[in-house]
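# Remarks on the overall topology
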Amino acid sequence: MKYHEMDLNEVEQSLSTNFSSGLTADEAKNRIKQHGYNELDEGEKQSALLLFFSQFKDFMVLVLLAATLISGLLGEYIDAIAIIAIVISNGFLGFFQERKAEKSLQALKELSAPQVSVLRDEQWIRIPSKEVTIGDMLKFSSGDRIGADVRIIEAKSLEIEESALTGESVPAAKHSDPLSASNPGIGDMENTAFMGTMVTRGSGIGVVVATGMDTAMGQIANLLQNAESAQTPLQRRLEQLGKILIVAALLLTVLVVAIGVFQGQELYTMFLAGVSLAVAAIPEGLPAIVTVALSLGVQKMIKKNAIVRKLPAVETLGCASVICSDKTGTMTQNKMTVTHLWSGGKTWTVDGVGYEPEGQFYTEDEPIQVRNEKALQQMLIFGMICNHSELKFNEDEIILDGDPTEGALLVSAMKAGYDRPALLEEFTILNEFPFDSARKMMSMHVKDSKGRHFIVTKGAPDVLLGACESILWDDRSQYFGKELQTKVQNAINELASKALRTIAIAFKPVSPNTVILSEKEAEQNLTFIGIQGMIDPPRPEVKAAVKECKEAGIKTVMITGDHVITAKAIASQLGILTSKSMVLDGKALSEMSVDELEEVVDNVSVFARVSPEHKLKIVKALQNKGHIVAMTGDGVNDAPAIKAADIGVAMGITGTDVAKEASALVLLDDNFATIKAAIKEGRNIYENIRKFIRYLLASNVGEILVMLFAMILGLPLPLVPIQILWVNLVTDGLPAMALGVDRPEENVMKRNPRSPKEGVFARGLGWKVVSRGILIGIVTLMSFMIVYKNDPARLQYAQTVAFAALVMAQLIHVFDCRSEKSVLSRNPFGNLFLVWSVISSLALMLVVIYFPPLQPIFHTLPIAPRDWLLIIGLSAIPTFLLAGTFLARKTK
């Protein structure tokens, strides 16, 4: 027999626990040893050592290490040791950045770790939910998250929101009676509460029957652990680029060795030249700089209320062409707010935002005093009394403790100046008939300060109408005839057409001697007071974010479990729904295949009455149409769709741990505007990566051509391998990292998303790399030839001049890489990091040239002042020659 079938005595005996005293501390420790901690497995974590060694798995780094080995075998021990030292430093850089990103997520998980009330040694105490074990007694009330799977042993008006597991947004009523069904579904387990679900009403006590991966949530989490994630566009592009560069390096190495041997050079010299070319061809700093650029993006995102769980996800967001976003809490405030009130033929409106208890009441746009409106005053007072919600005022936010609908009624009365504790001094609650889903009403028996007794009832208008025999009209009670009933129904329909959820308020005086024993007795012959209409209002910043996404060529799609009317109203307010777009409901979606959905999905802007299972179908249809899809979600059932999306986005506040684990991005504020900020950041990061790829490869092309032309012309090597590696990793590295934090250009959110199939060298980048690289190579070779021809005996001095010319040409060229147009189109001081990195690189170059202990390692000699004029003059040519050409074209 299973726990849900047992009576309470059988449950207590089966679990060897005591419902009145709970487990002892020692017994709890023993059970934790037996069953493990109450937490979901995260899969195998990569150790710090493996993470460090993974920095050297990149193919470019492996080829570099092979070249280093050859240098060592050829007797160039100093070069080999220096190269190894630089590569290891590079590895540490990538390692620390990845660890930093990992710790950011861990910090989030620790901050959000839930606490539970547990009975231990006859005392109720608060402990982390991970320390809960089988047989523990848990106590929970409205607002608490259930810490484990529990068999309920006591329930008082208990309702639990289980949408994270079932997809059902309406809270489920719970009781403690045994069930007759042997294998009910999760949604039918009325005497069981599940890990991760939220108590929305009432209170209860339960005994833990499953923890960790044995819970219902743990079983779903287990299905996700082995799922594979596809490579991001950036990873694919860099892999493609790496292969091209490796092939180029090997071909050039073979070519140079062949040319040298053909010209009669020694094989040893040619092998050394081949190693130099291999080092020159491969941008060794690229993997680390990409990692650093993405890591810096991660740090920026944290400041913008998002945690990136996977580094390349920042870049993937930049490709997004469709954002599928939940409505509640992401586009809206998740704060039900009363906006319209109706009584006796009059309609009032009230302003104010969220749970702020401040607002003005109006009639036909004219401000009014509530205390002059008797019916309105009575409706607000009774709505506040027949209520269990409470506002908690923290330093930076107002938190609702209780049901969102009751919270809306509470705040509307507070806006009129009423205070519940003060009202409860005037009205004493004698009895209560809690809300249940069958009656759709809640009633209280109260006594006022004058000794008068009343029944106060609130509930669904369509149900409450049938319980009323009179109505307040013109501030007096009148017979509730057919004509007035029609007027009330019209008012309900009018509020519903505005996408408002409606709650009706009614009352009846009763004799002080009357004893009300049942709901049926209380909830009849009532006097109808009026209706309060409420809505979950849009977040103020979302409309602008949707507009900015539209300008960026990104379609926003609203997905909600709410009614079509509500969804259309919010979507229209936010600019998502236009006259040309469609609304599709869950029923129609269920009847469609993915292929049928594909045919219309580009025209649909709103999916209403959608269950989490539908989300996967929507993702697949959009992806089949060639879109890069960002999908938001918070429940366990959302996880497959989040995993399948190109970029899965989980909610940090309302999201389950399973949804977060499946996601690539976690929103700390559950806000749509944060997704927009992430997309902007993603686009800028990708553009910055293109900038430093352009910078690094142009430099490498210049280095290759210097070496190749020198070989062809029968000249000595203008640069030695250690100098090239110094340029690639140190001199180039700092400016390249500074390009990685460059500010976005003005049009970054004014152009369409790039195609995920776009190559690294698209939009003219290949031409820029080759043209600048050729010029850098030519001026470097010219500086070498001029000095070498003047004094062939001073080869090392000529190599030092070539080294300085190469560094200077690249440091001037880096400012050209900030813009797609020209070095003259952006303020050079717009990126102060870049300015300081260039100054630092210059200083490092001067140290290598003029600091005696480093001269033998880097094969350098001090450069005479007159040769600096030659170096600076030649090194400015690659950047300003082409900038002048651009300016001339622009002038024409």
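Refer to the preceding data block for the structure.
Calculation rules
Residue positions within a chain follow its written sequence, with the count starting from 1. For this predicted model, a pLDDT threshold of at least 70 governs which residues receive local features, and a threshold of 80 or more governs which side-chain atom pairs are given and counted, while totals over whole chains, interfaces and linings are taken from all residues. The side-chain numbers reported here are obtained from all heavy atoms of the structure, hydrogens and water having been left aside. Runs of E in the DSSP output that reach at least two residues are strands. Runs of H or I that reach at least four are helices, and both are numbered from the N terminus. Any two residues whose heavy atoms approach within 4.5 Å are treated as being in contact. Using a 1.4 Å probe, the Shrake-Rupley method yields the accessible areas, and only the shown protein chains count as cover for residues. Structural elements are reduced to axes, namely lines fitted to C-alpha atoms, with helices fitted over the stretch in contact, and the angle between N-to-C directions of any two is expressed from 0 to 180 degrees. When an angle is under 35 degrees it counts as roughly parallel; over 145 it counts as roughly antiparallel; between 65 and 115 it counts as roughly perpendicular; any other value is oblique. For a crossing to be left-handed, the near helix must be turned anticlockwise from the far one by less than a right angle; the clockwise case is right-handed. Each residue gets one label: Ala, Val, Leu, Ile, Met, Phe, Trp, Tyr, Cys and Pro are nonpolar, Asp, Glu, Lys and Arg are charged, and the others, such as Gly, are polar. Any residue under 20% of the maximum accessible area for its type is buried, any over 50% is exposed, and the rest in between are partly exposed; the area is computed with a 1.4 Å probe on protein chains only. What makes two strands pair is DSSP finding at least two bridges between them. Any residue with relative accessible area above 30% and no salt bridge may belong to a patch, with like charges joined within 9 Å and the nonpolar Val, Leu, Ile, Met, Phe, Trp and Tyr side chains within 5 Å. For this analysis, a salt bridge means a side-chain nitrogen from Lys or Arg found within 4 Å of a carboxyl oxygen belonging to Asp or Glu. By nonpolar core we mean a set of buried residues, namely Ala, Val, Leu, Ile, Met, Phe, Trp, Tyr and Cys, connected to one another through side-chain atoms within 4.5 Å. Two rings belonging to Phe, Tyr or Trp (six-membered ring only in the last case) form a pair when the distance between their centres is within 6.5 Å. Interplanar angles under 30 degrees mark stacking, angles over 60 mark edge-to-face geometry, and anything in between is tilted. Computed over the protein atoms alone on a 1 Å grid, cavities are sets of points where a 1.4 Å probe fits but cannot get out and pockets are open sets with protein on both sides within 12 Å along at least five of seven lines; a residue lines them when it has an atom within 4 Å of a point. Grid points are joined across faces, edges and corners, and a volume is the space filled by probe spheres set on the points. Every helix has an expected span of 1.5 Å times one less than the residues it contains. Whenever a nitrogen or oxygen atom comes within 3.5 Å of another N or O atom, the pair is scored as a polar contact, on the condition that within protein one atom can donate a hydrogen and the other can accept it, and that pairs from neighbouring residues in sequence are kept only if both atoms are in side chains.

## Topic: the overall build of the protein chain
Helix and strand content of the protein chain: 33 helices and 28 strands. The contacts in the protein chain between residues at least 6 apart in sequence include a share of 70% that link residues at least 24 apart. A total accessible area of about 38,600 Å² is found for the protein chain, and carbon and sulfur atoms account for 56% of it.

## Regarding the packing of helix H12 (residues 374–385) against helix H13 (residues 404–415)
As a packed pair, H12 and H13 sit with axes 8 Å apart at the nearest point and diverge in direction by 135°. Considering their axes alone, H12 and H13 lie oblique with respect to each other. The two elements H12 and H13 cross, and the hand of that crossing is left-handed. Here Leu-380, Gly-383 and Met-384 of H12 lie close against H13, whose contacting residues are Leu-409, Leu-410, Ser-412, Ala-413 and Met-414.

## Some details on the packing of helix H29 (residues 795–816) against helix H30 (residues 832–850)
For the pair H29 and H30, the least separation of the axes is 10 Å and the interaxial angle reads 180°. Viewed along their axes, H29 and H30 adopt a mutual orientation that is roughly antiparallel. Along its contact with H29, which presents Thr-800, Phe-803, Ala-804, Val-807, Met-808, Leu-811, Val-814 and Phe-815, the element H30 presents Leu-834, Val-835, Val-838, Ser-841, Leu-842, Met-845, Val-848 and Ile-849. When the residues that make up the contact of H29 with H30 are grouped by side-chain class, the tally is 14 nonpolar, two polar and no charged.

## Let's talk about the side chain of Glu-159
Here Glu-159 lies in strand E4 (residues 149–161). Ignoring any residue separated from it by four or fewer positions in sequence, one finds Glu-159 in contact with Pro-171, Ala-172, Ala-173, Met-198, Val-199, Thr-200, Arg-201 and Phe-435.

## A look at the environment of Gly-530
Along the chain, Gly-530 falls in strand E22 (residues 526–535). By relative accessible area, which is 0% here, Gly-530 ends up buried. When the C-alpha positions of Gly-530 and Leu-380 are compared, they lie 9.7 Å apart, and in sequence the two are 150 residues distant. Excluding residues that lie within four positions of it along the chain, Gly-530 makes contacts with Trp-342, Ser-343, Met-379, Ile-503, Ala-504 and Ile-505.

## Some points on the pairing of E4
Relative to strand E7 (residues 198–210), E4 runs antiparallel, the two sharing ten bridges. The residue bridging Glu-161 from the neighbouring strand is Met-198, located in E7. Looking at chain direction, E4 and strand E6 (residues 192–193) are connected through two bridges and run antiparallel. By the bridge assignment, Arg-151 is partnered in E6 with Thr-192. Inspection of the sheet shows E4 paired to strand E5 (residues 172–173) by two bridges, in the antiparallel sense. Paired with Ile-160 across the strands is Ala-172, a residue of E5.

## Focus on the pairing of strand E26 (residues 629–633)
In terms of burial, E26 is a largely internal element, five of the five residues being buried. Judged by which residues are buried, E26 turns out to be covered on both faces: Val-629, Met-631 and Gly-633 on one side and Ala-630 and Thr-632 on the other are all buried. As paired strands, strand E9 (residues 322–326) and E26 are joined by three bridges and run parallel to one another. By the bridge assignment for E26, Ile-323 is matched with Ala-630. In this sheet, strand E27 (residues 647–651) lies alongside E26 in parallel orientation, the contact comprising four bridges. Each bridged residue has a counterpart across the sheet, and for Gly-633 the counterpart in E27 is Ala-650.

## Re a nonpolar patch on the surface
A grouping of Val-770, Ile-774, Ile-778, Met-782 and Ile-786 is seen on the molecular surface, where their side chains present a nonpolar patch of about 350 Å² in accessible area. Its place among the elements puts Ile-778 in helix H28 (residues 765–790).

## Observations concerning the nonpolar core
If you look at the biggest cluster of nonpolar residues, it comprises 137 residues, and the most contacted ones within it are Val-488, Phe-528, Met-558, Phe-672, Phe-692 and Phe-803. Considering each element in turn, this core owes the most residues, 18 residues, to helix H25 (residues 672–712). If we ignore the near neighbours within four places in the chain, the residues touching Phe-528 are Trp-342, Leu-465, Cys-468, Ser-470, Ile-471, Leu-472, Phe-480, Val-488, Ala-504, Ile-505 and Ala-506. Grouped together as the second largest cluster of nonpolar side chains are 41 residues, Leu-341, Leu-376, Ala-408 and Met-442 included.

## Quick notes on the pattern of salt bridges
Counted according to the given criterion, the structure contains 25 salt bridges. Close ionic contact of Glu-681 with Lys-304 constitutes a salt bridge, the shortest N to O distance being 3.3 Å. Pair noted here: Glu-681 is in helix H25 and Lys-304 is in the loop between helix H10 (286–303) and strand E8 (306–308), with a separation of 377 residues, a long-range link. Put simply, Asp-742 and Arg-818 hold a salt bridge, and the shortest N to O gap is 3.2 Å. A residue pair is termed long-range when its members are at least 10 positions apart, and Asp-742 in the loop between helix H27 (733–739) and H28 and Arg-818 in the loop between H29 and H30 qualify at 76 residues. The exposure class of Asp-742 is buried, given its relative accessible area of 0%. By relative accessible area, Arg-818 is classed as buried at 3%.

## As for the side chain of Gln-378
Within the secondary structure, Gln-378 is located in helix H12. Assessed through its relative accessible area of 17%, Gln-378 is described here as buried. In contact with Gln-378, not counting residues within four places along its chain, are Leu-472, Phe-507 and Ile-529.

## Quick look at the sheet that holds E27
Sheet strands line up and pair through hydrogen bonds in the backbone, either parallel or antiparallel. Here we have eight strands laid out as an open sheet, ordered E8-E28-E27-E26-E9-E23-E25-E24, and mixed in their pairing. If you trace the sheet from one side to the other, it starts and ends with E8 and strand E24 (582–585), each paired once. Taking the axes of each pair of neighbouring strands and ignoring which way they run, one obtains an average angle of 20° across the sheet. Inspection of the sheet shows E9 paired to strand E23 (residues 555–559) by five bridges, in the parallel sense. What sits directly across from Val-322, in E23, is Lys-555. Contacting E9, E23, strand E25 (604–608) and E26, helix H22 (residues 612–624) runs over the sheet at an angle of about 170° to E26.

## Re the packing of aromatic side chains
For the structure on display, the rule yields eight aromatic pairs. Look at Phe-382 and Phe-507: their rings are 5.6 Å apart centre to centre, the planes differ by 40°, and that puts the pair in the tilted class. Of the two residues, Phe-382 sits in helix H12 while Phe-507 sits in strand E21 (residues 501–510), which places them 125 residues apart along the sequence. Phe-507 matches Phe-382 in its accessibility class, with the two residues each being buried. Aromatic side chains Trp-726 and Phe-858 sit 4.9 Å apart centroid to centroid with 70° between the ring planes, which places their arrangement in the edge-to-face category. With Trp-726 in helix H26 (residues 721–731) and Phe-858 in helix H31 (residues 855–858), this pair connects stretches of sequence that are 132 residues apart.

## Thoughts on empty space enclosed by the protein
Within this structure, the stated rule accounts for three cavities of 30 Å³ or more. Put simply, the largest cavity is a space of about 60 Å³. Of all the elements, H25 adds the most residues to the lining of the largest cavity, at four residues. In the lining of the largest cavity, the residues fall into two nonpolar, one polar and eight charged.

## A word on H25
Compared with the 60 Å implied by 1.5 Å per residue over 41 residues, the 59 Å span of H25 between its first and last C-alpha is a close match. Most of H25 sits inside the fold, with 37 of its 41 residues counted as buried. Sitting at the amino-terminal end of H25 is Asn-671, which places a side-chain oxygen 3.0 Å from the backbone nitrogen of Ala-673.

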